[in-house]
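For reference, the chains in residue letters:
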Amino acid sequence: MFKTVLMIEKALSDADVELVTTLHGDEQVSFTVLMQPRGKQDELLRALDDVALGHLDKAVHEHDESEETPTVAGESLEHSLRHLQAAGAEATGEVVEHNPLERLREVVEQISADEVLVLTSPHFVEEFFHRDWASQARHKVGVPVLKLFASDS
């Protein structure tokens, strides 16, 4: 069985589930999902990304939408796990409140992961400066790290 650690920041859509469950063809995959919702510390970066993408209305209302509570994060994680399992994959996970990259390193070691998938929305400012999760994870874990963009649906 192929062991994958999947880092997400929002609930998986049907398109996201199809993408990650079909990457390895017919090979059986086990997912350990780390849900790290984007917090208040990322408001400025998200607003800059929205401006870069031409979504000025989102940038103006970014502060209003950033009130993601642990309950919402937990529900998003549970939703994602159910959808992965419905697609035939084994899936467990946890919400990561602090130090997501350190927790990622620990989980990769604990389960002897074969790979890390980072599924996020585009974050152009972070990516430009190599401060995004995937860029940082490549320096922390000893397995391949693949960055994928989450669907907007």
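Residues numbered from 1 in each chain as written. Predicted model: local features only at pLDDT ≥ 70, side-chain atom pairs only at ≥ 80, totals over all residues. Heavy atoms only, no water.

Participant: Now, about helix α5 (residues 100-111): what can you tell me, with residues and values included?
Facilitator: Given a rise of 1.5 Å per residue, twelve residues ought to cover 16 Å, and the 16 Å separating the end C-alpha atoms of α5 matches this to within 8%. Considered for burial, the residues of α5 that qualify are P100, L101, L104, V107 and V108. All buried residues of α5 project into a common sector of 115° when viewed along the axis, lining one side. Across α5 from its buried face, at more than 90 degrees, point the exposed residues E109 and Q110. S112, located one to two residues past α5, shows a positive phi value of around 55°. (Helix = DSSP H or I, 4+ residues; strand = E, 2+ residues; numbered from the N terminus. Expected span 1.5 Å × (residues − 1). Buried < 20%, exposed > 50% of the residue type's maximum accessible area, 1.4 Å probe, protein only. Arc of directions from axis to C-beta.)

Participant: Give me the lowdown on the side chain of S151, citing residues and values where you can.
Facilitator: Structurally, the position occupied by S151 is in the segment after β5 (145-149). According to the relative accessible area criterion, S151 is buried, its value standing at 17%. What S151 contacts, discounting residues up to four positions off in sequence, is K10, S13, A15 and D16. (Contact = heavy atoms within 4.5 Å.)

Participant: How would you sum up the pattern of salt bridges? Please name residues and give values.
Facilitator: Per the counting criterion, the structure on display carries four salt bridges. With its nearest N and O atoms 2.8 Å apart, the salt bridge here joins R103 to E94. E94 gets classed as partly exposed once you look at its relative accessible area, which sits at 27%. Ionic pairing is found between E106 and R103, a salt bridge with its closest N-O pair at 3.1 Å. Separated by three residues within a single helix, E106 and R103 lie in helix α5, roughly one turn from each other. (Salt bridge = Lys/Arg side-chain N within 4 Å of Asp/Glu carboxyl O.)

Participant: Tell me about the sheet that holds strand β1 (residues 2-8), residues and numbers included.
Facilitator: The five strands lie next to each other as β3-β2-β1-β4-β5, forming an open sheet whose pairing is parallel. Edge positions in the sheet fall to β3 (90-95) and β5, since each has one partner strand and no second. Taking each pair of neighbouring strands and ignoring which way they run, the sheet shows an average axis angle of 20°. Relative to β3, strand β2 (residues 29-35) is paired through six bridges, and the arrangement is parallel. Within β3, the position partnered with L34 by the bridge is E94. (Pairing = 2+ DSSP bridges. Axes fitted to C-alpha atoms, helices over the stretch in contact; angles between N-to-C directions.)

Participant: So what's going on with helix α1 (residues 14-21)? Which residues, and what values?
Facilitator: Among all positions of α1, only D16, V17, V20 and T21 are buried. Around the axis of α1, the buried residues are gathered within 115° of arc, so they sit on the same side. Residues D14 and E18 are exposed on α1 and point more than 90 degrees away from its buried face.

Participant: Please give an account of the pairing of β1 that cites residues and values.
Facilitator: Regular strands place side chains that alternate from one sheet face to the opposite one. The buried fraction of β1 amounts to six of the seven residues, a majority that puts the element mostly inside the structure. The pairing of β1 with β2 spans seven bridges and is parallel. Among the inter-strand pairings, L6 is bridged to a residue of β2, identified as V33. The handedness of the β1 to β2 crossover, carried by α1, is right-handed. (Right-handed = clockwise from strand over helix to strand, strands pointing away.)

Participant: Give me the environment of D114: which residues, what numbers.
Facilitator: Among the structural elements, D114 can be located in the loop between α5 and β4 (115-120). Residues D114 and P144, spaced 30 residues apart in sequence, show a C-alpha to C-alpha distance of 7.4 Å.

Participant: Mind laying out unusual backbone geometry, listing which residues take part and the relevant values?
Facilitator: A positive phi is found at N99, a non-glycine position, where the angle reads about 50°. On the secondary structure map, N99 appears in the loop between β3 and α5. Phi at S112 takes a positive value of approximately 55°, unusual for a residue other than glycine.

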